[in-house]
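# Structural characterization, general
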Amino acid sequence: MIDFSASALEVAPQLLGAILSHDSDEGRVSVRLTEVEAYLGEGQDPGSHAFRGRTPRTASMFGEPGHLYAYFTYGMHVCANVVCSPVGEASAVLLRAGEIVDGVDLARRRRPTARLDRDLARGPARLVLAVGIALAEDGADLSRPPFQLEPPREPAATPVTSLRTGVSGDGGRPPFAWRFALAGDPTVSPYKRHPKA
């Protein structure tokens, strides 16, 4: 059992190997999480959306732990996070990559440009597309339909840690090396340094 009221830094490595499922009219898609990033809250983490405080966009990040924080980025993509910490204390874990373990055919239809199955959910926007998560589901309880979040059957081996990918400024520097991944897993996305990092 994962205690989502803990900090994102504690929760992030525990999510490796967890299975997130999402049901829709098209069917169910489940992803085994292989790569995540932790983000802390107000005044603590310059790479976090919540660094400067609560906004309409980040309201869910300050909400109930174990819920979804979904946001729109680059004018075209949706990314998904698991909210952590007590209500009012923002922190969240970005779901960066995973292996589709159920609903592969549906995930392929949603991600027709993926050449290999390992690429279906390899990257945060691709993961959201493959699993079928909508921006309108921001704030949803991940323990209730249409979602299900199952903790890993056993703790992951010591994860690989590194800088968070694509984060600019101080948040992309070594003190914030809060990217966690399963070592050697082919679905883990490549690191990309932000041009301004």
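Check the entry above for the structure.
This write-up is about the structure you can find in this document. (Residues numbered from 1 in each chain as written. Predicted model: local features only at pLDDT ≥ 70, side-chain atom pairs only at ≥ 80, totals over all residues. Heavy atoms only, no water.)

## Regarding the side chain of Glu 137
With respect to the helices and strands, Glu 137 occurs in the loop between helix H3 (124-131) and strand S6 (147-150). Put simply, Glu 137 is tucked away with no salt bridge, and the nearest opposite charge, on Arg 110, sits 8.7 Å away. Residues contacting Glu 137, with those up to four places away along its chain left out, are His 22, Leu 68, Gly 132, Pro 146 and Phe 147. (Helix = DSSP H or I, 4+ residues; strand = E, 2+ residues; numbered from the N terminus. Buried < 20%, exposed > 50% of the residue type's maximum accessible area, 1.4 Å probe, protein only. Lys, Arg positive; Asp, Glu negative; His and termini not counted. Salt bridge = Lys/Arg side-chain N within 4 Å of Asp/Glu carboxyl O. Contact = heavy atoms within 4.5 Å.)

## Let's talk about the environment of Asp 141
Residue placement: Asp 141 occurs in the loop between H3 and S6. In this structure, the C-alpha to C-alpha distance between Asp 141 and Val 82, residues 59 residues apart in sequence, is 9.6 Å. Here the side chain of Asp 141 touches Ser 143 through a polar contact of 2.7 Å, side chain to side chain. (Polar contact = N/O pair within 3.5 Å; in protein donor to acceptor, adjacent residues only side chain to side chain.)

## Structural notes on the side chain of Ser 30
Within the fold, Ser 30 resides in strand S2 (residues 27-39). A relative accessible area of 4% means that Ser 30 is categorised as buried. There is a polar contact of 2.6 Å between the side chain of Ser 30 and the side chain of Ser 21. Contact partners of Ser 30, with chain neighbours within four places excluded, come to Ile 19, Leu 20, Ser 21, Glu 99, Ile 100, Val 101 and Asp 102.

## Some points on the packing of aromatic side chains
For the structure on display, the rule yields 2 aromatic pairs. Each ring, one from Tyr 69 and one from Tyr 71, has its centre 5.4 Å from the other, and the planes form 35 degrees; the classification is tilted. Here Tyr 69 and Tyr 71 have matching classes, each one buried. Ring centres of Phe 176 and Trp 178 lie 5.1 Å apart, and the angle between their planes is 75 degrees; on these two criteria the pair is classed as edge-to-face. (Phe/Tyr/Trp six-rings, centres within 6.5 Å; stacked < 30°, edge-to-face > 60°.)

## Some details on the nonpolar core
As a rule of thumb, soluble globular proteins bury nonpolar side chains together. Among the nonpolar cores identified, the biggest contains 43 residues, and Leu 15 and Ile 100 are the most heavily contacted of them. Elements that contribute at least two residues to this core include exactly helix H1 (8-15), S2, strand S3 (68-73), strand S4 (77-84), strand S5 (91-102), helix H2 (104-110), H3 and S6. Considering every element that reaches this core, the biggest residue donor is S2, with 5 residues. The residues touching Ile 100, leaving out its near neighbours within four places in the chain, are Val 29, Ser 30, Val 31, Ala 107, Leu 120, Ala 121, Ala 130 and Val 131. Ranked by size, the runner-up nonpolar core spans 12 residues in total, among them Tyr 71, Cys 79, Val 83 and Ala 92. (Core = buried A, V, L, I, M, F, W, Y, C linked by side-chain atoms within 4.5 Å.)

## Some details on the pairing of S3
Within S3, 5 of the 6 residues are buried, leaving the element largely enclosed by the surrounding structure. Of the pairings in the sheet, the one linking S3 to S4 comprises 6 bridges and is antiparallel in character. Paired with Tyr 69 across the two strands is Asn 81, which belongs to S4. (Pairing = 2+ DSSP bridges.)

## Regarding unusual backbone geometry
Following Pro 145, the chain continues to Pro 146 via a peptide bond in cis, the omega torsion being 10 degrees. Relative to the assigned elements, Pro 146 resides in the loop between H3 and S6. Phi angles above zero are rare outside glycine, and Ser 85 is one such case at about 75 degrees. Structurally, the position occupied by Ser 85 is in the loop between S4 and S5. For Ser 85, a relative accessible area of 3% corresponds to the buried category.

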